Amino acid sequence: MEYYCGIDLGTSSVKVMLLGADGTVVGTASAGYDIKKNTPWEAEQDMEYLWQQTRQSITALLGKYPGTGKLIRGISFSGQMHGMVAVDKNGRPVRDAVIWADQRSRDAIDHIWDAVSEEEWKKTTLNTPCTGFLISSLLWMREHEPNLYGETAKVMLPKDYIRFRMCGEIATDVTDASSTGIFDVEKRQWAWELIGKLGLKREMFPFCGESYEQAGCVSSSCSRETGIAEGTPLFLGGGDSMMQLAGNGIIRPGILSCNIGTASQVACALDRPVCDTKFRTNTFCHTGSGLWEIQGSSLTGGVALKWLRDNMLHMSDFGEMTDLAGTAPAGSDGLLFLPYLSGERCPYNDPKARGIYFGMSLYHSREHLIRSTMEGVIFGLKESLEIFNGMGIRFDKVIASGGGARGQLFREIQADVFEAEIHTAGEAEQACVGAAMTAAVGCGSFSSYEEACGALLHPGTEVTVPDKERIKIYRECFARFQELYQRNKTLFS
């Protein structure tokens with residue numbers, strides 16, 4: 001059998017998948033890593049370490065299935081979005097990657113408006129610049145680290161560096177590039193005019209193509225390090241949000257994805273590039289020409305539970321936590337969690353926003369803290385859903401994905417808060433599936449993503465139905481939740 005390989009470089013781990021030509025997931029391997037946070041505002045990662053973790057994961061996976069390294073037809077990628085990897089003329093990083101959760105570039109964003117009007121910017125990019133976006137971090141580096149900026153020959157997204165280490169070619173794709181904040185989303189190309197007005201060097205920005213386009217081949221050195229055959233085609237791939245959509249078969253309007261990973265998003269496909277008039281959501285390019293996606297992104301998702309587990313409760317695992325949370329009632333007996341542990345993006349583009357547990361009393365215990373944290377993450381996504389509804393974006397189905405889809409309690413809370421049936425995905429690692437499927441399209445095994453989805457995807461069968469009584473409780477809780485930020489935002493400053 002022939003295989004396709006999908007590599008998903010997430011924020012907390014890298015996952016590698018072998019997908020058979022019949023859509024069977026042959027096997028996966030993964031390795032974890034952390035975010036460097038020397039101050040509350042920083043979020044960086046060592047790309048050399050992430051490459052070594054990726055290399056080891058590939059080696060471990062192929063070691064489980066001897067001989068498969070020579071049978072891989074193509075490899076493609078999914079990756080954490082927005083972050084900046086700056087490399088010198090030899091392709092060596094000039095500093096650690098500044099990733100999506102970094103909050104240091106607020107002042108740099110303010111300086112954008114000295115060169116470009118907000119109207120022109122938003123008309124071109126269909127987005128408002130946010131801290132953690134590549135363009136914001138690049139401008140911050142130019143101002144605060146001019147020597148490192150001077151050494152920078154190219155900038156790319158995190159997953160692009162992994163592919164570069166495998167083939168020696170620097171490139172990116174339209175889905176990930178559109179999340180940098182300096183991209184013409186409608187024309188699907190770098191926003192060259194804005195780049196010029198900001199005084200940035202055009203040559204810093206690499207070739208950009210569609211997700212299924214080939215970006216090089218596995219080099220001899222990579223072959224020796226990983227066991228993949230030299231010359232195996234590598235394809236551009238995409239941002240993890242878009243690859244996750246593709247892995248769920250969301251390549252046309254009408255289906256909503258609710259993804260809870262380290263961060264969390266609700267997203268759906270569009271057949272034209274539309275955006276929220278208040279620019280609270282993000283509109284990016286989707287896989288395949290003629291497709292876009294709109295997403296409401298929260299900077300907090302499963303990381304809130306990890307923080308609670310490791311820093312506060314010192315519990316052993318997430319299973320134990322969710323079992324305990326299940327003993328607390330819906331609404332957590334009045335305890336509300338505002339999930340802005342790293343600032344927030346949607347609906348409030350506010351890097352200074354912070355988390356709050358509100359309504360705490362002597363009655364509350366661990367189970368309330370855990371459940372209210374889960375509920376707060378879903379309430380944050382509900383705010384994005386309200387924006388979608390106001391824009392007239394409709395969907396017939398909601399698919400839960402990411403780590404949050406694996407637990408029944410998280411799916412129940414989603415169903416009750418969204419007041420919608422929640423469907424499970426067919427495979428646990430949808431972004432890996434989307435990346436592998438992109439390789440299959442790139443190889444010419446399928447003429448389109450539609451054809452590939454029909455042949456390779458196996459939809460999930462489990463459905464979680466909302467409960468009428470819990471819906472009433474959550475409607476009241478959500479109304480109180482919406483007041484929390486508004487009543488506290490001046491204090492965050």
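Residues numbered from 1 in each chain as written. Predicted model: local features only at pLDDT ≥ 70, side-chain atom pairs only at ≥ 80, totals over all residues. Heavy atoms only, no water.

## Observations concerning the overall build of the protein
- Scanning the protein for helices and strands turns up 17 helices and 24 strands.
- For the protein, whose C-alpha radius of gyration is 22 Å, the value lies close to the compact-globule estimate of 23 Å for 493 residues.
- Principal-axis analysis of the C-alpha atoms gives the protein an extent of 65 × 55 × 45 Å.
- Among the 493 residues that make up the protein, the fraction classed as buried is 61%.
- At a minimum sequence separation of 6, the contacts of the protein that also span at least 24 residues come to 72%.
- With an accessible surface of roughly 18,400 Å², the protein has 48% of that area assigned to carbon and sulfur atoms.
- Computed over 48 positive and 61 negative side-chain charges, the inter-centroid distance for the protein is 2 Å. (Helix = DSSP H or I, 4+ residues; strand = E, 2+ residues; numbered from the N terminus. Rg over C-alpha atoms; globule rule 2.2 N^0.38 Å. Buried < 20%, exposed > 50% of the residue type's maximum accessible area, 1.4 Å probe, protein only. Contact = heavy atoms within 4.5 Å. Areas by Shrake-Rupley, 256 points an atom, 1.4 Å probe, with all protein chains shown as cover. Lys, Arg positive; Asp, Glu negative; His and termini not counted. Charge placed at Lys NZ, Arg CZ, Asp CG, Glu CD.)

## Looking at the pairing of strand β5 (residues 72-79)
- Counting buried positions over the eight residues of β5 gives seven, a clear majority of the element.
- In terms of strand pairing, strand β1 (residues 3-9) meets β5 through seven bridges, oriented parallel. What sits directly across from Gly 6, in β5, is Ser 76.
- As judged from the two bridges shared by β5 and strand β15 (residues 238-239), these two strands associate in the parallel manner. (Pairing = 2+ DSSP bridges.)

## What about the sheet that holds strand β23 (residues 422-424)?
- Taking strand neighbours across the sheet as the criterion, the seven strands line up as β18-β19-β17-β16-β22-β23-β24 in an open arrangement whose pairing is mixed. Sheet topology places β18 (282-285) and β24 (463-464) at the edges, where each strand pairs with a single neighbour.
- Two elements, strand β16 (residues 255-260) and strand β22 (residues 397-401), share five bridges in a ladder whose sense is parallel. Across the sheet, the residue bridging to Ile 255 is Lys 397, located in β22.

## Side note on the side chain of Arg 345
- Structurally, the position occupied by Arg 345 is in the loop between β20 (336-338) and β21 (356-358).
- There is no salt bridge for the buried Arg 345, and the closest opposite charge comes from Glu 344, which lies 6.8 Å off by N-O distance.
- Leaving out residues up to four positions away in the same chain, Arg 345 has contacts with His 82, Trp 100, Cys 130, Thr 131, Phe 133, Arg 280, Asn 282, Ser 297 and Leu 299. (Salt bridge = Lys/Arg side-chain N within 4 Å of Asp/Glu carboxyl O.)

## Looking at the environment of Ile 260
- For Ile 260, the position within the fold is in strand β16.
- On the accessibility criterion, Ile 260 (1% relative accessible area) is buried.
- Sequence separation between Ile 260 and Cys 432 is 172 residues; the distance between their C-alpha atoms is 15 Å.
- Not counting the four nearest positions on each side in its chain, Ile 260 is found in contact with Gly 301, Gly 302, Val 377, Ile 378, Leu 381, Ser 401, Gly 402, Gly 403, Gly 404, Phe 410 and Gln 414.

## Concerning the side chain of Ser 372
- The topology assignment puts Ser 372 in helix α13 (residues 366-390).
- Discounting chain neighbours no more than four positions away, the residues touching Ser 372 are Ser 332, Leu 335, Phe 337 and Tyr 357.

## Description of the packing of α13 against helix α14 (residues 408-418)
- With their axes 10 Å apart at the nearest point, α13 and α14 run at an angle of 40 degrees to one another. Comparing their axes, α14 and α13 come out oblique. The way α13 lies across α14 gives a crossing that is right-handed. The residues of α14 that touch α13, namely those facing Arg 371, Met 374, Glu 375, Ile 378, Phe 379, Leu 381, Lys 382 and Leu 385, are Leu 409, Phe 410, Ile 413, Gln 414, Val 417 and Phe 418.
- Across the contact of α13 with α14, the residue classes break down as 10 nonpolar, one polar and three charged. (Axes fitted to C-alpha atoms, helices over the stretch in contact; angles between N-to-C directions. Parallel < 35°, antiparallel > 145°, perpendicular 65-115°, else oblique. Left-handed = near helix turned anticlockwise from the far one by under 90°. Nonpolar A, V, L, I, M, F, W, Y, C, P; charged D, E, K, R; others polar.)

## Quick notes on the pairing of strand β3 (residues 25-32)
- Relative to β3, strand β2 (residues 13-20) runs antiparallel, the two being bridged by seven bridges. When the sheet's bridge partners are listed, Met 17 is paired in β3 with Thr 28.
- In textbook terms, the turn of a hairpin is the stretch between consecutive antiparallel strands, and for β2 and β3 this stretch comprises four residues, one of which, Gly 23, has a positive phi near 90 degrees.

## Concerning the nonpolar core
- The biggest cluster of nonpolar side chains holds 89 residues, and the ones touching the most others in it are Leu 138, Ile 182, Leu 198, Leu 200, Phe 205, Ile 370 and Phe 418.
- Top contributing element to this core by residue count: α13, with nine residues.
- When near neighbours in sequence (up to four residues on either side) are disregarded, Ile 370 contacts Leu 305, Leu 308, Leu 313, Met 315, Met 321, Leu 324 and Ala 325.
- Core analysis: the next-biggest nonpolar cluster, separate from the first, contains 38 residues, Tyr 3, Leu 62, Met 156 and Tyr 161 among them. (Core = buried A, V, L, I, M, F, W, Y, C linked by side-chain atoms within 4.5 Å.)

## Considerations on the environment of Val 87
- Inspection of the secondary structure assignment puts Val 87 in strand β6 (residues 85-87).
- Placed 83 residues apart in sequence, Val 87 and Ile 170 show a C-alpha to C-alpha distance of 10 Å.
- With near-sequence residues (within four places) excluded, Val 87 lies in contact with Arg 92, Pro 93, Val 94, Glu 151, Thr 152, Ala 153, Lys 154, Met 156, Tyr 161 and Ile 170.

## Considering unusual backbone geometry
- The residue after Cys 346, namely Pro 347, is reached through a cis peptide bond having omega 5 degrees.
- The topology assignment puts Pro 347 in the loop between β20 and β21.
- Unusually for a residue other than glycine, Ser 332 sits at a positive phi of about 50 degrees.
- Structurally, the position occupied by Ser 332 is in the loop between α12 (318-325) and β20.
- For Glu 419, which is not glycine, the phi dihedral falls at a positive 55 degrees.
- Position of Glu 419 among the secondary structure elements: in the loop between α14 and β23.
- A relative accessible area of 33% places Glu 419 in the partly exposed class.

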